[in-house]
Amino acid sequence: RVLLVRVNPANTSRTCPNCGAVHKDNRNGEKFLCLTCGRAGDADTFGAQIILARTLATLGSIASPRLISPL
(Lines give C-alpha, C1' and ligand atoms only; values in the text may rest on other atoms or scores of the structure.)
Protein backbone atom coordinates (compact mmCIF):
# COMPACT_ATOMS: atom_id res chain seq x y z
CA ARG A 1 0.00 0.00 0.00
CA VAL A 2 1.28 3.44 -0.94
CA LEU A 3 0.01 6.74 0.41
CA LEU A 4 0.19 9.64 -2.02
CA VAL A 5 0.46 13.11 -0.54
CA ARG A 6 0.09 16.24 -2.63
CA VAL A 7 2.45 19.07 -1.68
CA ASN A 8 3.09 22.40 -3.32
CA PRO A 9 6.36 22.10 -5.30
CA ALA A 10 6.82 25.87 -5.64
CA ASN A 11 10.33 27.07 -4.77
CA THR A 12 11.47 23.71 -3.40
CA SER A 13 14.84 24.06 -5.11
CA ARG A 14 15.19 27.69 -4.01
CA THR A 15 14.36 27.15 -0.32
CA CYS A 16 17.13 26.62 2.21
CA PRO A 17 16.55 23.51 4.34
CA ASN A 18 18.61 25.12 7.11
CA CYS A 19 17.01 28.55 7.59
CA GLY A 20 13.98 28.44 5.25
CA ALA A 21 15.05 31.46 3.20
CA VAL A 22 13.70 31.51 -0.36
CA HIS A 23 15.62 33.29 -3.09
CA LYS A 24 15.94 32.65 -6.81
CA ASP A 25 19.71 33.08 -6.62
CA ASN A 26 20.10 30.37 -3.94
CA ARG A 27 20.26 27.86 -6.81
CA ASN A 28 22.81 27.97 -9.59
CA GLY A 29 22.44 24.89 -11.78
CA GLU A 30 23.03 21.86 -9.57
CA LYS A 31 24.66 23.93 -6.82
CA PHE A 32 22.83 25.50 -3.90
CA LEU A 33 24.23 28.29 -1.77
CA CYS A 34 21.89 30.06 0.63
CA LEU A 35 22.37 33.82 0.42
CA THR A 36 21.04 34.18 3.97
CA CYS A 37 22.87 31.55 6.07
CA GLY A 38 25.55 30.24 3.70
CA ARG A 39 24.39 26.61 3.64
CA ALA A 40 25.80 24.91 0.53
CA GLY A 41 25.10 21.60 -1.16
CA ASP A 42 23.38 19.80 -4.00
CA ALA A 43 20.27 21.69 -5.14
CA ASP A 44 18.27 18.55 -5.94
CA THR A 45 19.06 16.98 -2.56
CA PHE A 46 17.96 20.12 -0.75
CA GLY A 47 14.81 20.30 -2.89
CA ALA A 48 13.96 16.72 -1.92
CA GLN A 49 14.45 17.62 1.74
CA ILE A 50 12.00 20.50 1.40
CA ILE A 51 9.44 18.19 -0.26
CA LEU A 52 9.88 15.69 2.60
CA ALA A 53 9.41 18.46 5.18
CA ARG A 54 6.22 19.64 3.46
CA THR A 55 4.93 16.07 3.27
CA LEU A 56 5.53 15.50 6.98
CA ALA A 57 3.89 18.82 7.79
CA THR A 58 0.83 17.76 5.77
CA LEU A 59 0.62 14.39 7.51
CA GLY A 60 1.32 15.74 10.98
CA SER A 61 4.02 13.08 11.48
CA ILE A 62 5.45 10.06 9.76
CA ALA A 63 3.57 7.79 12.20
CA SER A 64 0.08 9.11 11.41
CA PRO A 65 -0.76 8.39 7.75
CA ARG A 66 -4.11 6.86 8.79
CA LEU A 67 -5.38 10.38 9.46
CA ILE A 68 -5.34 11.19 5.76
CA SER A 69 -7.99 9.47 3.68
CA PRO A 70 -6.61 7.43 0.76
CA LEU A 71 -6.88 8.86 -2.75
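These numbers come from a predicted model, not from an experiment.

## A word on the sheet that holds strand β1 (residues 27-28)
In step 1: In spatial order, the strands read β1-β2-β3; together these three strands make up an open sheet with antiparallel pairing. One side of each edge strand has no neighbouring strand; the edge strands of this open sheet are β1 and β3 (40-42).
In step 2: Alignment of β1 against strand β2 (residues 31-33), held across two bridges, turns out to be antiparallel. Considered in β2, the bridge of arginine 27 is made with phenylalanine 32.
In step 3: Those strands touched by helix α1 (residues 43-59) are β1, β2 and β3, and its axis lies near 90 degrees from that of β3.

## Topic: the pattern of salt bridges
Any two side chains of opposite charge can pair, given that their charged atoms come close.
In step 1: Summed over all chains, the structure comprises two salt bridges.
In step 2: We note a salt bridge from glutamate 30 to arginine 27, for which the minimum N-O separation is 3.5 Å.
In step 3: Here arginine 27 makes a salt bridge to aspartate 44, at a shortest N to O gap of 3.0 Å. Placement of arginine 27 in strand β1 and of aspartate 44 in helix α1 is noted, with a sequence separation of 17 residues between them.
In step 4: Aspartate 44 gets classed as partly exposed once you look at its relative accessible area, which sits at 42%.

## Comments concerning the environment of leucine 56
In step 1: Checked against the element boundaries, leucine 56 lands in helix α1.
In step 2: Using a relative accessible area of 30% as the deciding quantity, one classes leucine 56 as partly exposed.

## With respect to the nonpolar core
In step 1: Counting residues in each nonpolar core, the largest one holds six residues, listed as Cys16, Ala21, Phe32, Cys34, Ala43 and Phe46.
In step 2: Not counting residues within four places of it along the chain, the set of residues in contact with alanine 43 comprises Arg27, Gly29, Glu30, Lys31 and Phe32.

Rules used throughout
Residues numbered from 1 in each chain as written. Predicted model: local features only at pLDDT ≥ 70, side-chain atom pairs only at ≥ 80, totals over all residues. Heavy atoms only, no water. Pairing = 2+ DSSP bridges. Helix = DSSP H or I, 4+ residues; strand = E, 2+ residues; numbered from the N terminus. Contact = heavy atoms within 4.5 Å. Axes fitted to C-alpha atoms, helices over the stretch in contact; angles between N-to-C directions. Salt bridge = Lys/Arg side-chain N within 4 Å of Asp/Glu carboxyl O. Buried < 20%, exposed > 50% of the residue type's maximum accessible area, 1.4 Å probe, protein only. Core = buried A, V, L, I, M, F, W, Y, C linked by side-chain atoms within 4.5 Å.

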